[in-house]
Amino acid sequence: MKCGEVMTKDPVCSLPNTPVKKVAQLMKRENIGSIPIVEDEQTRTLVGIVTDRDLALKIVAKGRDANATKVGKVMTRQVVTCRAEDDVQKALDVMANNQLRRIPIVDDDNRIVGIIAQADVATRLNQPEKTATMVKEISQFNAKEEDL
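Report on the accompanying structure. (Residues numbered from 1 in each chain as written. Predicted model: local features only at pLDDT ≥ 70, side-chain atom pairs only at ≥ 80, totals over all residues. Heavy atoms only, no water.)

## As for a positive patch on the surface
Right, so step 1: A contiguous patch of positive charge on the surface is contributed by Lys62, Arg64, Lys73 and Arg77.
Right, so step 2: Residue placement: Lys62 occurs in the loop between helix H3 (52–60) and strand E4 (82–83).
Right, so step 3: Taking the relative accessible area as the measure of exposure, Lys62 reaches 46% and is therefore partly exposed. (Patch = residues over 30% accessible without salt bridge, like charges linked within 9 Å, V, L, I, M, F, W, Y side chains within 5 Å. Areas by Shrake-Rupley, 256 points an atom, 1.4 Å probe, with all protein chains shown as cover. Salt bridge = Lys/Arg side-chain N within 4 Å of Asp/Glu carboxyl O. Lys, Arg positive; Asp, Glu negative; His and termini not counted. Charge placed at Lys NZ, Arg CZ, Asp CG, Glu CD. Helix = DSSP H or I, 4+ residues; strand = E, 2+ residues; numbered from the N terminus. Buried < 20%, exposed > 50% of the residue type's maximum accessible area, 1.4 Å probe, protein only.)

Encoded structure:
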């Protein structure tokens, strides 16, 4: 099975200059835990990703102003991605190895075309053992937590 068959197509995205508060509200409204950050709405070139955990650790825990802080200041810039034509197993391996709960799917020009989250794997692969292994590997404690 290919990533393109499992991914959620055309995910909700945001721009780097969007205030963190608006991104958090978008996450709540769409019931999602991450938002890809794109250069502009036309090209949808991926430049970063922000997660609910990023917002908790980099905004709330540090007492930063969510209205004044732009998401570009707290997003992850080195985004791990896969392509739609990649085998799903590659995405699962990358997610497990990097302890990622979701992975953006991009085209050859780094434009976002989809995203695969743990829930997508659990509901679309119909392979409970593989899903359980992936969740276990992703959830293992990482002693080298980045200094935020």
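## Some thoughts on the side chain of Asp54
Right, so step 1: Here Asp54 is to be found in helix H3.
Right, so step 2: A polar contact of 2.9 Å, which involves the side chain of Asp54, links it to the backbone nitrogen of Thr51.
Right, so step 3: Filtering out sequence-adjacent residues up to four positions away, Asp54 remains in contact with Ile49, Ile59, Val74 and Thr76. (Polar contact = N/O pair within 3.5 Å; in protein donor to acceptor, adjacent residues only side chain to side chain. Contact = heavy atoms within 4.5 Å.)

## A closer look at the pairing of strand E2 (residues 34–38)
Successive side chains on a regular strand alternate, one facing one side of the sheet and the next facing the other.
Right, so step 1: Most of E2 is tucked away, with five of its five residues classed as buried.
Right, so step 2: Taking every second residue as pointing to the same face, both faces of E2 are buried, with Ser34, Pro36 and Val38 on one and Ile35 and Ile37 on the other.
Right, so step 3: Across five bridges, E2 lies against strand E3 (residues 46–51) in antiparallel orientation. When the bridges of E3 are listed, Ile37 appears paired with Gly48. (Pairing = 2+ DSSP bridges.)

## Remarks on the nonpolar core
Right, so step 1: Counting residues in hydrophobic clusters, the biggest one holds 13 residues, and the most contacted among them are Cys3, Cys82, Ala91, Ile103, Ile105 and Ile116.
Right, so step 2: Put simply, the parts of the chain that give this core at least two residues each are helix H1 (3–6), helix H4 (88–97) and strand E5 (102–106).
Right, so step 3: Among the elements that line this core, the one with the most residues is H4, at five residues.
Right, so step 4: Contact partners of Cys82, with chain neighbours within four places excluded, come to Cys3, Lys90, Ala91, Ile103, Pro104, Ile105 and Val106.
Right, so step 5: Grouped together as the second largest cluster of nonpolar side chains are twelve residues, Val23, Val50, Leu55 and Val71 included. (Core = buried A, V, L, I, M, F, W, Y, C linked by side-chain atoms within 4.5 Å.)

## Points about the environment of Glu5
Right, so step 1: As for its position among the elements, Glu5 is in helix H1.
Right, so step 2: For the pair Glu5 and Glu85, spaced 80 residues apart in sequence, the C-alpha separation works out to 9.0 Å.
Right, so step 3: Side-chain polar atoms of Glu5 contact the backbone nitrogen of Lys2, separated by 2.8 Å.

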